[in-house]
Structures are given as structure tokens and as C-alpha cells.
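Below are the chains, spelled out letter by letter.
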Amino acid sequence: MTVYVKNASVPPHLIDDRDPPAIALLKEDHQVLRALFDLVETIDEDVLFPIAGEICIRLAIHMNIEEELLYPSLGRVIEPAEIDSALVEHQLAKRTISRIMDTTGPGSLLRARVHALGEKVVGHIDQEDRGFLRDARRAWEDGRVDLVAIGVEMQCRRRDLFTLVGSAAAKSRAFDVDLPAEAVECLAQSGPSFDGQAWTARAGSGSPRSG
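This structure is a prediction, so every number in the text was calculated from the model and none was measured.

Caption draft 1: Inspection of the pattern of salt bridges at higher detail. Applying the stated criterion across every chain yields a total of 14 salt bridges. One salt bridge in this structure joins D16 and R137, with 3.7 Å as the shortest N-O distance. Remark: R137 occurs in helix α5 (residues 107–141) and D16 occurs in the loop between α1 (4–7) and α2 (21–40); sequence separation between them is 121 residues. Residue R137 is classed as buried on the basis of its relative accessible area, which comes to 12%.

And the structure:
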């Protein structure tokens, strides 16, 4: 049994009140993904397919908003090698997602493929929490990037993508392995609990808070 959530129950993985919206949103996603990958290790096969679908959808959306909004914004303040490495790991994750979506064999095969995805993804997000996001926060604290405005953009985009997936889901009679395939295909062509606007109001002008 994996213990992804337990291993991430201490800083820097936890959301800090001083984290700007972009970082808080990503950390929230990271914790949800850890919990889902933990769940895959213990659930029965009759609910394995929908949980695998949930992981594929959430991970696809998470990578989409990073690539579309965060990485371009950090291009001038983060070492290019960090972003290049993240993009390579995203491509590897997407390939594994494709294999999961194509799985038609026994539940044991699906579980093995989701486990392999979990090993890759949790390693990636652990590295992000420890390095990439810390570097991004320092750049924000230095006034070199606006992770408040970017975070609100990311929140809105994530909500739009979940709505898009919801539209695809509404056409399906059940939440099964066909849904993530359709949803991820939509994402290629094209609500969180975190409230970025509330954070902006609490932070006043949105200027960095030291800590």
C-alpha cells in the first residue's frame, strides 16, 4: 500500500496561508491527486474504472493549466531547464494516461497502469513542491511575477475545463473508462475550493507577503 498522502502531510507540500493563488491552487490539486492514487491501491475492481477516470481527468486539467498559463508566465524568472524538465515529465504522464484509457483487460492490468502513473506523477509533484513552486514563490515575493493575477486566471480556466468535461459526462449514461477518453480528447482540442478573489481581497493590493 502506498502512503502518498501521509508522506505529504508536512511542509512544503501543505498549502501555506502565505502562498499566492497560483501556488495554492496547484498544491490543492497535488493533494487531491495523492489521495486518489492512494485510493487506487485499496479499492475493489468494481469502482476502479471510475476512480481511474477521475485521475485521468484531473491530471489532464492540471497539466493543461500549468502549460497554458503558469509555465509561460514563469519563463523569464525560472531556470528554463526546470520548465523543460516539467514538460518532458508531462509528456510521459500523458502517454501513460493514453495507455490507461485504452485498457480493456482485467482490473489488475488497469490497477498496474494507474499505479505506474502514480509513481511518476507523485514523484513529479513532490519535486515541484520542494523546488519549482518554491522558486516561483520567491520570484513572486521579489515582485518579478504576479502569481495572484495568474492564480485567478488558472482558477477560472480550471473551472471552464471541468465544465467542459461535465458536458461530456452528461452525454454518458455512466462514469466509466470511456469518459476520460472523451474528456481528454476535448481538452486536447480546446469548482475548486480555493477562492482566488477572496485571497486577493485578504492580501489587499495583492502585493507579496514575506515569510
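Caption draft 2: Quick peek at α5. The largest bend along α5 reaches roughly 50° and is located at E128. G143, located one to two residues past α5, shows a positive phi value of around 80°.

Caption draft 3: Representation of the side chain of H13 within the structure. Within the element layout of this structure, H13 appears in the loop between α1 and α2. Here the side chain of H13 touches R34 through a polar contact of 3.3 Å, side chain to side chain. Residues within four places of H13 in sequence aside, it is in contact with N7, A8, K27, Q31, R34, D126, D129 and R130.

Caption draft 4: Expanded view of the packing of aromatic side chains. Counting across every chain of the model gives 2 aromatic pairs. Both rings, one in Y4 and one in F37, keep their centres 6.4 Å apart while their planes meet at 80°; by these two values the pair is edge-to-face. Here Y4 is found in helix α1, whereas its partner F37 is found in helix α2, with 33 residues between them in sequence. Looking at Y4, the relative accessible area reads 10%, which means it is buried.

Caption draft 5: Just the nonpolar core, in detail. Counting 27 residues, the largest nonpolar core has L70, L74, F132, V145, L147 and M154 as its most contacted members. Of all the secondary-structure elements, those providing two or more residues to this core are α2, α3 (48–74), α4 (80–101), α5 and α6 (147–170). At 7 residues, α3 tops the list of elements feeding residues into this core. Those residues within four positions of L147 in sequence are excluded, and the remaining contacts are P20, P21, A22, I23, L70, L74, A136, R137 and W140.

What counts and what doesn't
- Residues numbered from 1 in each chain as written.
- Predicted model: local features only at pLDDT ≥ 70, side-chain atom pairs only at ≥ 80, totals over all residues.
- Heavy atoms only, no water.
- Salt bridge = Lys/Arg side-chain N within 4 Å of Asp/Glu carboxyl O.
- Helix = DSSP H or I, 4+ residues; strand = E, 2+ residues; numbered from the N terminus.
- Buried < 20%, exposed > 50% of the residue type's maximum accessible area, 1.4 Å probe, protein only.
- Bend = angle between axes of the 7 residues up to and from the residue.
- Polar contact = N/O pair within 3.5 Å; in protein donor to acceptor, adjacent residues only side chain to side chain.
- Contact = heavy atoms within 4.5 Å.
- Phe/Tyr/Trp six-rings, centres within 6.5 Å; stacked < 30°, edge-to-face > 60°.
- Core = buried A, V, L, I, M, F, W, Y, C linked by side-chain atoms within 4.5 Å.

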